[in-house]
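Architecture and fold: a report
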Amino acid sequence: MKLYCLSGHPTLPCNVLKFKSTTIMLDCGLDMTSTLNFLPLPLVQSPRLSNLPGWSLKDGNAFLDKELKECSGHVFVDSVPEFCLPETELIDLSTVDVILISNYHCMMALPYITEHTGFTGTVYATEPTVQIGRLLMEELVNFIERVPKAQSASLWKNKDIQRLLPSPLKDAVEVSTWRRCYTMQEVNSALSKIQLVGYSQKIELFGAVQVTPLSSGYALGSSNWIIQSHYEKVSYVSGSSLLTTHPQPMDQASLKNSDVLVLTGLTQIPTANPDGMVGEFCSNLALTVRNGGNVLVPCYPSGVIYDLLECLYQYIDSAGLSNIPFYFISPVANSSLEFSQIFAEWLCHNKQTKVYLPEPPFPHAELIQTNKLKHYPSLHGDFSSDFRQPCVVFTGHPSLRFGDVVHFMELWGKSSLNTVIFTEPDFSYLEALAPYQPLAMKCIYCPIDTRLNFIQVSKLLKEVQPLHVVCPEQYTQPPPAQSHRMDLMIDCQPPAMSYRRAEVLALPFKRRYEKIEIMPELADSLVPMEIKPGISLATVSAVLHTKDNKHVLQPPPRPAQPAGGKKRKRGSDDIPDCKVLKPLLSGSIPVEQFVQALEKAPDH
Amino acid sequence: MDPECSQLLPALCAVLADPRQPVADDTCLEKLLDWFKTIADAGSSLLLLQENPCLVTLLCPVLKPQDLSPRVLAFLLRLAGILAAQEDCFQHLQQGDLLPRLFGEAGPLGGAAWTAPTVRSGWIQGLCSLTQHPSALCFLAHSGAVDTIFSLQGDSSLFVASAAGQLLVHILGLSMQAPAEGHPSLQPAHWPACAQKIVGHIEESLRATATPQVTQALNVLTTMFSHCHDPWTQVLWVHLSPLVACLLEKDPVPAAHSLVDLLLSVARSPVLSSSSCGLWDTLAQTLSRLRASQAGPLALGILKLQECPKALRAQAFAVLLQPLTCVLEATTQAPGLPGSVGGTADAPLTAGMLLPSKAACVGLLCQTLAHLELLQPLPQRPSPWPWAPLLSAAVTILRLCNGSATPTSDTGTHLCAFLAGCVRVQRAALDFLGTLSQGTGPQELVTQVFAILLEYLTSPDSSPTVLKKAFQATLQWLQSSPKPSGGGDLEPHAQLFLRELLPVLPKRLCSPCWDVRDSGLEFLTQTVRRWGGQAGFRHALLASEVPELTEQLLRDPESYVRASAVAAMGQLSSRGLHIIPASPGHPGAQQSLLEELLHILSTDSEGFPRRAVMQVFTQWLRDSHADVAADTEHFVARVLRVASQDLDWEVRAQGLELALVFLEQTLGQPSSSCPYAMTPPAAAPPSLVAQALQPFCRVQLFDFAFRALFDCDRPVAQKSCDLLLFLRAKTASYSDQQGSSSGPDVASLEAALQRWQAGDQGQPLGDLEPEAVVAVLRSLDLEGLRGALAESSDHAEQSPLSLLQDMLATAGILGENEADCY
């Protein structure tokens, strides 16, 4: 059993598990932090960005000044943003049989895999995962395609040149494999390969293993997976949450008795408590708006935004913010808000019961009804006529490199009355803000990450008791900035096995048994003898028939009519041999004796 | 017993004895027992029995206990005990063979009824009551009750088990008094048989291997040494202490908590606190043998003792400080830091105690912090008190909790992992840090204290309760920071701290958690009260958004927050820190704070904000706040009018307080410490008084006060009564000279008051003349009213007669409801 680790990002995993005769890809995360090295794509022409000086080497050589621009001491690539794909060379991806997706954030690299590697298998995911994943991809494609950029920089990627660049460009990994965003056509084609599944549904893969998605409590339709055969069980935990937010609670019990538990997608901000962060978010928002400033919340169009809107729904009246407009701008804003209301069966119990009243499960419906929350596909069009300040704007992309957020950063960045509040934990807010410096706007970092923290993990591991834990190497030591915090790492016995990008892990786990069926007529013919109380043995002569990874013992073909004395004699010769071997059926084979026996029977 | 009760008693006894009757509830039975106890204490029980033979008849059904409910059975056992407490009555009951049947083998003991814990408890309490005289001891000896009590010590019901232990102590005490021949024999072998039996049982239990038995014995001894300080107890301790010492040799020490209790009760006993008993050695040995969490309470107890050898105190203090020493060592570069808390010898041992599990670590630290917090204010606390290391330990713990400490050892790393984010330890450490503000510490430590407090106040991860504690500790530290010599009110670094804190406060006031907003406002109120006059603070506050946000919180959805906002705004306004922002958008839309508070007083649906408004108004009146001083009479009149309509009695009571302040101010009370003190008649010339009463009439203070006098809520009526008495005293001379206690005004006023008293408060009094008021004040029996009000509100309902009537009514015996039932 082997695990091929194609991504080094602990929360955007992409691993391939070879188990029995199957090759299963676990998640397909796309590391978008690479985009932080690029200049933002402004929706409206930005004189500031287009007038940034080109970057030149220390010796004054300016051959890169078309590709690299300098802003407040940082160097950015002036090109269409590119993404860092999972490893494609470590294993032949055309051999992958299935891809299991655990949540919509972990499927963003899917088109790259399904469309360009010769992949011919099936992808399994829950319905909300597919629908919201599609929205995320659609938004991403839209953000990038609507700002066509003629230039595509590639000179800087030359290894010899990259070495001369300042950090972080110098240290960027695998830049040669970075790719531009896929197209909508590729997205559609990739999504067409997905087969929808429901929680606890058992899916047979070639008769060899069974895979089952379990609720993971992190996002709408998010799942952990169980991959099991008759005698082995591998659990794949990715992006799970024990907090009471909108999704169905996490199913922990089904993870029990795993031989191997692959643990990914823990919280990226283990020291921040989501409740405290929501409080921080609300108070900073209120303070800014009270002073006449605007609040910008760079976010994904789905996920935490639902919870934030719910908190604000309860908070705005008490904080006297009822007159402040909330804008949600995304090409998929409308679909996202509406999808959230129709996936009742994937929601937590409280929200499910609302549906029977009937009431919309999320209160943002009421915010929309009362005109407190308005949503627009883009800042062009209706929005520009409705726009009223001070206001709160939720918009993407959280990397601040593309999407409508770029415009608002340019628009509001100059006033210290305004605030940008970072709630998505995927990007370092300092790096995200780098191309906007100098910035007068206030910046608040309230990362809300509801995924498991280390205390919850240690409780979880104590409860489900896996034999072995496998996790990204980042989880086996405290974060570099807080090296003394031994509580911020996975602590389990035996110690967790760690993996890093482009590593192949042999899982410490041997398969010892295989289930074999005995045909009824063969079973009928068996005559067990009790060799000691409670244990009976019977010899079986049968033909082992293997098809589709299922093994069946069938009655042996009727022996052909005895043809002559010689054969019968040999048959009778065999009998004493059999008698000698009989007691050894359950023990080890005495090799010498066995070889001798083989030699005695030259025609076999 | 009064005749009415005597008349009802037979009926009640019949009800109680009748198993078909519904049993009155436990409270009634308890009250009935209390009543019998009072009667028995006041006179002869024998007489009581003779005069009320129904009582004896009542006790008889016990002979068939299966017919009675356990509650009644327990009641009867306890009643018999109360009656038999007097020796003659005991004999009387003995003659009837009643007592053995009640408490002996023939009684409920061992029967089906015995399974009810109530019955077992009643049996013990009955015996406890009757064991007051030598005859009772004989009875106990012959009935074999003592053995039963021994077995009841292990009863499944904790109440029964504990009562059994107490009964043993009681019996032992009584039997030792019985010889009454001076100093008891030094040889327990010469003690009375009953005492010997009990002591023998205790000895046997102390030698037992089963911990529960040891615990029982220790508990009995603890009770005895705490309550009985006769000389023989010393003999007993000398006799038993070797057995107790033997317990210390076991590993682990059994029943450690009970052992600690026993040793401390022995140490506190005035007869025993001499070194001859070897007690100090035992204590010292125990300190070193127990686990840290068990030794903590013992160490605290030792340090609280008035007299105790120095060495033992030092040892106890070291034990108490061990966990903190361990924390300090785990986070400091050098092992054995200079000025460390206590000795360091046992620190590795404690590290072992701290580390096995998070629960143990958290529990031990919280316990230690709580113990030190208890010890610090005591006069007998160890001296010198190690302020600096304690401060340093508290700060370190808080740093470990928020992950900012840098551990220097494995222990530290473990501690860090255990304590990170632990709210319980954070709360305990902040409480302790607050109490440490009373002492002095080196400057750099004080700076660290303010730094960590600021970290907690700023951190979004501080939970609401932790934040509240952090605010409280901050206030304590700010208050204790010394005043700089060159004027000003705050030490420079405290001032700097406040300036850093003020930008944080707005965020807290905007928190989505109401309790955070509330504690932020409380903190603001306190700081403004204390430093509102200080220029630097005023400047920083006015530059912040705090005043404006506070004003906004007057309309908070949470009533507690509104109340705190009212208090804060009142304080800000008193200090001239409430500036109405000139908002160009809404000219003149800003109403004055006074109007806003009056609006809250008259419209807020919750009591807390309205009470807060009344307190603010009273304070404003006291301080002659500018808004009030402009037209005090108008202000008082408006407030009283609204307050008198309020449904919340505290608001009305506070209205009276405000009225009293107004009275004092108008009548020129020279800041007397007692507002109700009689002033010499000559002090107030008649004409002046008449003049002085005019404003009260104008603001309709009398209308309010008289209405309050007949208020259905007693505290309001009491307060009003006091206020009117004060007024009467002030006007005594006036009424003496006028002498006009009649006239049309007076008559109509008196008539109106009578109507009010009868409950019809619809009619207002209308305009009153001072003369009429004075006359009515004289004619009202205010002293009598005050006396009546001073009685508890249920004094009428608590009489035995009403109790008997109630019980009979419940049973339907009084008959009046019988017809209604069908």
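In this text, all values refer to a predicted model and were calculated from it rather than measured experimentally.

**Here's the deal with the overall build of chain B**
- When you go through chain B residue by residue, the secondary structure sums to 45 helices and 0 strands.
- Summarising the internal contacts of chain B: among those between residues at least 6 apart in sequence, 72% fall at separations of at least 24.
- Total accessible area computed for chain B in this model is approximately 35500 Å², and 54% of it derives from carbon and sulfur atoms.

**Quick word on the side chain of Gln162(A)**
Residues and elements named next belong to chain A.
- Inspection of the secondary structure puts Gln162 in helix H4 (residues 159–162).
- Looking at Gln162, its side chain comes within polar contact range of the main-chain oxygen of Leu169, at 2.9 Å.
- Ignoring sequence-local partners within four residues, the contact set of Gln162 consists of Trp156, Lys157, Leu169, Lys170, Ala172 and Val175.

**Considering the interface of chain B and chain A**
- At the junction of the two partners, chain B supplies 21 residues and chain A supplies 21 residues.
- Of all residues in chain B, Asp461(B), Lys507(B) and Cys510(B) bury the most surface against chain A, accounting for 28% of the area lost on that side.
- For the pair chain B and chain A, the interface holds 1 salt bridge.
- Between Lys507(B) and Glu280(A) there is a salt bridge, with the nearest N and O atoms lying 2.6 Å from each other.
- At the boundary of chain B with chain A, the tally comes to 7 residue pairs in polar contact (both at pLDDT 80 or more).
- Contributing elements (two or more residues each) for the side of chain B that touches chain A: helix H22 (410–419), helix H27 (504–509) and helix H30 (546–552) of chain B.

**Regarding helix H32 (residues 593–603) of chain B**
- Taken together, the buried positions of H32(B) are occupied by Leu593(B), Leu594(B), Glu596(B), Leu597(B), Leu598(B), Ile600(B) and Leu601(B).
- For H32(B), the elements touching its buried residues are H30, helix H31 (559–574), helix H33 (607–623), helix H34 (626–629), helix H35 (632–644) and helix H36 (649–667) of chain B.

**A closer look at the UniProt feature "domain: Beta-Casp" (unreviewed entry) in chain A**
- Under the feature "domain: Beta-Casp" (unreviewed entry), the UniProt entry names residues 305–433 of chain A.
- Along residues 305–433 of chain A one finds 43% helix and 12% strand; the C-alpha atoms at either end are 21 Å apart.

**Focus: the sheet that holds strand E14 (residues 233–237) of chain A**
All names here are of chain A.
- The 7 strands are arranged E11-E12-E13-E14-E15-E22-E23 in an open sheet whose pairing can be described as mixed. With partners counted over all chains shown, the strands left at the sheet margins are strand E11 (203–205) and strand E23 (497–499), one partner each. When strand polarity is set aside, the average angle formed by the axes of neighbouring strands in this sheet is 20 degrees.
- Sheet analysis places strand E13 (residues 223–228) next to E14, joined by 4 bridges and oriented antiparallel. Bridging across to E14, Ile227 finds its partner in Val234.

**Details of the sheet that holds strand E1 (residues 2–5) of chain A**
All names here are of chain A.
- Read from one edge of the open sheet, 7 strands run E10-E8-E7-E3-E2-E1-E24, paired in mixed fashion. With partners counted over all chains shown, the strands left at the sheet margins are strand E10 (194–197) and strand E24 (503–506), one partner each. Strand-to-strand twist in this sheet, taken as the mean axis angle between neighbours without regard to direction, amounts to 25 degrees.
- Packed on one face of the sheet, helix H3 (residues 127–145) meets strand E8 (122–126) and E10 and runs near 100 degrees to E8.

**Structural notes on the pattern of salt bridges**
- On inspection of all chains with the given rule, the structure shows 38 salt bridges over all chains.
- Of the charged contacts, one joins Asp147(B) and Lys197(B) as a salt bridge, the two residues approaching to 3.1 Å between their closest N and O atoms. In this pair, Asp147(B) sits in helix H10 (residues 145–152) while Lys197(B) sits in helix H12 (residues 193–207), placing the two residues 50 residues apart along the sequence.
- One salt bridge connects Asp431(B) with Lys469(B), and the closest N-O pair in it is separated by 3.2 Å. Taken together, the residues Asp431(B) in helix H23 (residues 423–435) and Lys469(B) in helix H25 (residues 464–480) connect sequence positions 38 residues apart.
- Here the salt bridges share partners, and the residues they tie into one network are Asp426(A), Asp449(A) and Arg451(A).

**What about unusual backbone geometry?**
- Omega for the peptide link from Gly396(A) to His397(A) comes to 5 degrees, which places this bond in the cis form.
- Unusually for a residue other than glycine, Ala255(B) sits at a positive phi of about 45 degrees.
- In this fold, Ala255(B) is placed in the loop between helix H14 (232–249) and helix H15 (256–268).
- The phi dihedral of Gln700(B) falls on the positive side, at around 60 degrees, and the residue is not glycine.
- Judged by its relative accessible area of 37%, Gln700(B) is partly exposed.

**Re the environment of Glu503(A)**
All names here are of chain A.
- Tracing the backbone shows Glu503 in strand E24.
- Here Glu503 falls in the partly exposed class, since its relative accessible area comes to 28%.
- Taking the C-alpha atoms as reference points, Glu503 and Ala153, 350 residues apart in sequence, are found 30 Å from one another.
- Sequence-distant contacts of Glu503, defined by excluding residues within four places in its chain, comprise Leu3, Tyr4, Cys5, Leu90 and Ser498.

**Remarks on the confidence of the model for chain A**
- Looking at chain A, the pLDDT average stands at 90 and 95% of residues meet or exceed 70.
- Under a pLDDT of 50 for its full length, residues 567–584 of chain A has, in the predicted model, 6 contacts with residues more than four places off or in other chains.

**With respect to the confidence of the model for chain B**
Residues and elements named next belong to chain B.
- Considering every residue of chain B, the mean pLDDT works out to 83; 85% of them sit at 70 or more.
- This model gives residues 334–340 a pLDDT under 50, and the stretch forms 7 contacts once residues within four places in sequence are excluded.
- Here the predicted complex scores 0.81 on pTM and 0.77 on ipTM.

**Some points on the nonpolar core**
- Within the largest apolar cluster, 384 residues are counted, with the highest numbers of intra-cluster contacts made by Phe394(A) and Phe617(B).
- No fewer than three residues from each of domain 1 (2–52 + 80–267 + 452–506) and domain 2 (274–445) of chain A sit in this core.
- Once residues lying within four places of it in the same chain are set aside, the contact partners of Phe617(B) are Leu594(B), Leu597(B), Leu598(B), Leu601(B), Phe635(B), Val639(B) and Leu658(B).

**Focus on the packing of H36(B) against helix H39 (residues 714–730) of chain B**
Residue and element names in this part refer to chain B.
- Where H36 meets H39, the axes come as close as 9 Å, and the angle between the chain directions of the two elements is 10 degrees. Taken together, H36 and H39 sit at an angle that is classed as roughly parallel. Packed against H36, whose contacting residues are Trp649, Arg652, Ala653, Leu656, Glu657, Ala659, Leu660, Leu663, Glu664 and Leu667, the element H39 presents Pro715, Val716, Lys719, Ser720, Leu723, Phe726, Leu727 and Lys730 at the interface.
- Of the residues that constitute the contact of H36 with H39, the class distribution is 12 nonpolar, 1 polar and 5 charged.

**Observations regarding the packing of H33(B) against H36(B)**
Residue and element names in this part refer to chain B.
- Relative orientation of the contacting elements H33 and H36 amounts to 5 degrees, with a least axis distance of 9 Å. Considering the angle they form, H33 stands roughly parallel to H36. Counting all contacts with H33, which are made through Arg610, Arg611, Met614, Gln615, Phe617, Thr618, Leu621 and Arg622, the residues of H36 involved are Glu650, Val651, Gln654, Gly655, Glu657, Leu658, Val661, Phe662 and Gln665.
- Residue classes in the contact of H33 with H36 are distributed as 7 nonpolar, 5 polar and 5 charged.

**Quick look at the packing of aromatic side chains**
Residue and element names in this part refer to chain B.
- This model, assessed by the stated rule, comprises 37 aromatic pairs over all chains.
- Between Trp114 and Trp123 the ring centres are 5.4 Å apart and the planes differ by 90 degrees, which places this aromatic pair in the edge-to-face class.
- For Trp123, a relative accessible area of 0% translates into the label buried.
- Summarising the aromatic geometry, the rings of Phe617 and Trp620 are spaced 5.9 Å apart at their centres and angled 55 degrees between planes, so their arrangement reads as tilted. Here Trp620 and Phe617 lie together in helix H33, a separation of 3 residues that amounts to about one turn.

Reading guide: rules and limits
Residues numbered from 1 in each chain as written. Chains lettered and ligands numbered in written order. Predicted model: local features only at pLDDT ≥ 70, side-chain atom pairs only at ≥ 80, totals over all residues. Heavy atoms only, no water. Helix = DSSP H or I, 4+ residues; strand = E, 2+ residues; numbered from the N terminus. Contact = heavy atoms within 4.5 Å. Areas by Shrake-Rupley, 256 points an atom, 1.4 Å probe, with all protein chains shown as cover. Polar contact = N/O pair within 3.5 Å; in protein donor to acceptor, adjacent residues only side chain to side chain. Buried area = accessible area lost by both parts, 1.4 Å probe. Salt bridge = Lys/Arg side-chain N within 4 Å of Asp/Glu carboxyl O. Buried < 20%, exposed > 50% of the residue type's maximum accessible area, 1.4 Å probe, protein only. UniProt positions renumbered as here; feature names shortened; annotations may be inferred. Pairing = 2+ DSSP bridges. Axes fitted to C-alpha atoms, helices over the stretch in contact; angles between N-to-C directions. pLDDT = per-residue confidence, 0-100. Core = buried A, V, L, I, M, F, W, Y, C linked by side-chain atoms within 4.5 Å. Domains from an automatic or database assignment. Parallel < 35°, antiparallel > 145°, perpendicular 65-115°, else oblique. Nonpolar A, V, L, I, M, F, W, Y, C, P; charged D, E, K, R; others polar. Phe/Tyr/Trp six-rings, centres within 6.5 Å; stacked < 30°, edge-to-face > 60°.

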